Amino acid sequence: MTFGSIREVFDAFKNLKVLVIGDSMIDTYVYGAVNRISPEAPVPVVEVHSEEHRLGGAANVALNLQALGAEPILASIVGDDTNGALFRELMASNHLPSDYLLTLTDRPTTQKKRVLSGTKHLMRLDQECTDPISSETTSRFLDQIQSLWSVVDVVIIEDYDKGLLTPELIHRITSSAHYTRIPVCVDPKFRNFHDYKGVDLFKPNLKELEKSIASTRTEALNVMIDQVFDLLQPRYLLLTLGSKGMIMKSTADYYRAGTKVREVADVSGAGDTVIAVASLALAIGLTPGQVTDLSNLAGGIVCEYSGVVPIPLSKLMKEANELLSFN
């Protein structure tokens, strides 16, 4: 599909309905000040000033899609606990439906709690269960989303190794999507890396790529990319390289995008932004080069903001209009 301007690209995003399947969590930020060391142990005493809760993981992907104008539908799991109720409250306050959240009694809602003093990150406390869900839970989850295959335009699988995505669930999701000719875009982690075969877009980062093939940093990057591409045979492989940009590989071509120099505040959540933008761009028919350029730009922008946040659309549109050409 051909677009005459950046504006037309973003207008096309508004027509898309996206099913996001994956590990969701609450990202909590505890802000305080350190003025003394504890007399009980050689650790700092944090005088807490405030606490903030944000949607994270697959839910942050949904927020990014929403910010880009698309309609996200989040399918995930939460625990039957206080944080599960908080998660639903955060969904409601962000105008996201909770219809496809499955509440489980055998695991807590995942929460990452970060303690900060000024700009210094002191520690992180994780509350989670990463055990794979059972076959019975898998069936319940699939029954819950069965009606969505006829209404969505693209599926994003967001894997954080928290237990929802199992080989069985991955296979059944990708099979259903391919049967209904819905593109599948994947942001993988380590545990299920090799189970995502034949998807439309596969977006690992360099650490995940290296670990997946037990490589060393002395091995040529293009060799590692080719190995994973041949093994998993995605339509496109989009490798994120942090400050060094991204590489997109298809059967025929490589495309590389560098990065703009920025004041980086926080890289957490950048991958969520990248998969959201790349999936929408792919779904409306942008070229591999255009998908890479726009995703790379969005990932860089979101790193200028502290904490896990969705992409600011006005800033992305402004920079895309200045730096990219889509006509």
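That block above? That's the structure.
Please read these numbers as outputs of a predicted model, since none were measured by experiment.

1. As for helix H7 (residues 221–232)
Spanning twelve residues, H7 covers 17 Å between terminal C-alpha atoms, matching the ideal 16 Å at 1.5 Å per step. Buried within H7 we find Met 224, Ile 225, Val 228, Phe 229 and Leu 232. The arc enclosing the buried residues of H7, seen along the axis, measures out at 130°, which places them on a common side. If you follow the buried residues of H7, they end up packed against strand S10 (201–202), helix H6 (206–212), strand S11 (236–240), strand S12 (246–249) and strand S13 (254–257).

2. Overview of helix H2 (residues 58–67)
Within H2, eight of the ten residues are buried, which leaves it mostly tucked inside the rest of the structure. Taken together, the buried positions of H2 are occupied by Ala 58, Ala 59, Asn 60, Val 61, Ala 62, Leu 63, Asn 64 and Leu 65. Just past H2, the residue Gly 69 takes up positive phi, approximately 100°.

3. Some thoughts on the sheet that holds strand S3 (residues 44–57)
With mixed pairing, the four strands of this open sheet are ordered in space as S3-S2-S6-S7. Each end of this open sheet is capped by a strand with a single partner; those strands are S3 and strand S7 (120–127). Within the sheet, the average angular offset between the axes of one strand and its neighbour, ignoring direction, is 20°. Note that strand S2 (residues 24–37) and strand S6 (residues 111–117) share seven bridges and pair parallel. For Gly 32, the partnering residue across the bridge sits in S6 and is Ser 117.

4. So, the packing of aromatic side chains
Using the criterion set out here, one finds four aromatic pairs in the structure. Plain terms: the ring middles of Tyr 29 and Tyr 31 are 6.4 Å apart, the flat faces sit at 15° to each other, and that makes the pair stacked. Aromatic ring contacts, followed pair by pair, group Phe 193, Tyr 196 and Phe 202 into a single cluster. The ring of Tyr 29 carries the charged tip of Arg 54 above its face, separated from the ring centre by 4.7 Å. We note Lys 249 situated over the ring of Phe 229; from NZ or CZ to the ring centre the distance is 4.8 Å.

5. Observations concerning the packing of helix H1 (residues 6–13) against helix H10 (residues 313–323)
Packing of H1 against H10 leaves a shortest axis separation of 9 Å and a crossing angle of 145°. Listed contacts from H10 to Ile 6, Arg 7 and Phe 10 of H1 are Leu 313, Leu 316, Met 317, Ala 320 and Asn 321. Here the residues of the contact of H1 with H10 are counted per class, giving six nonpolar, one polar and one charged.

Calculation rules
Residues numbered from 1 in each chain as written. Predicted model: local features only at pLDDT ≥ 70, side-chain atom pairs only at ≥ 80, totals over all residues. Heavy atoms only, no water. Helix = DSSP H or I, 4+ residues; strand = E, 2+ residues; numbered from the N terminus. Expected span 1.5 Å × (residues − 1). Buried < 20%, exposed > 50% of the residue type's maximum accessible area, 1.4 Å probe, protein only. Arc of directions from axis to C-beta. Contact = heavy atoms within 4.5 Å. Pairing = 2+ DSSP bridges. Axes fitted to C-alpha atoms, helices over the stretch in contact; angles between N-to-C directions. Phe/Tyr/Trp six-rings, centres within 6.5 Å; stacked < 30°, edge-to-face > 60°. Lys NZ or Arg CZ within 6 Å of the ring centre and 35° of its normal. Nonpolar A, V, L, I, M, F, W, Y, C, P; charged D, E, K, R; others polar.

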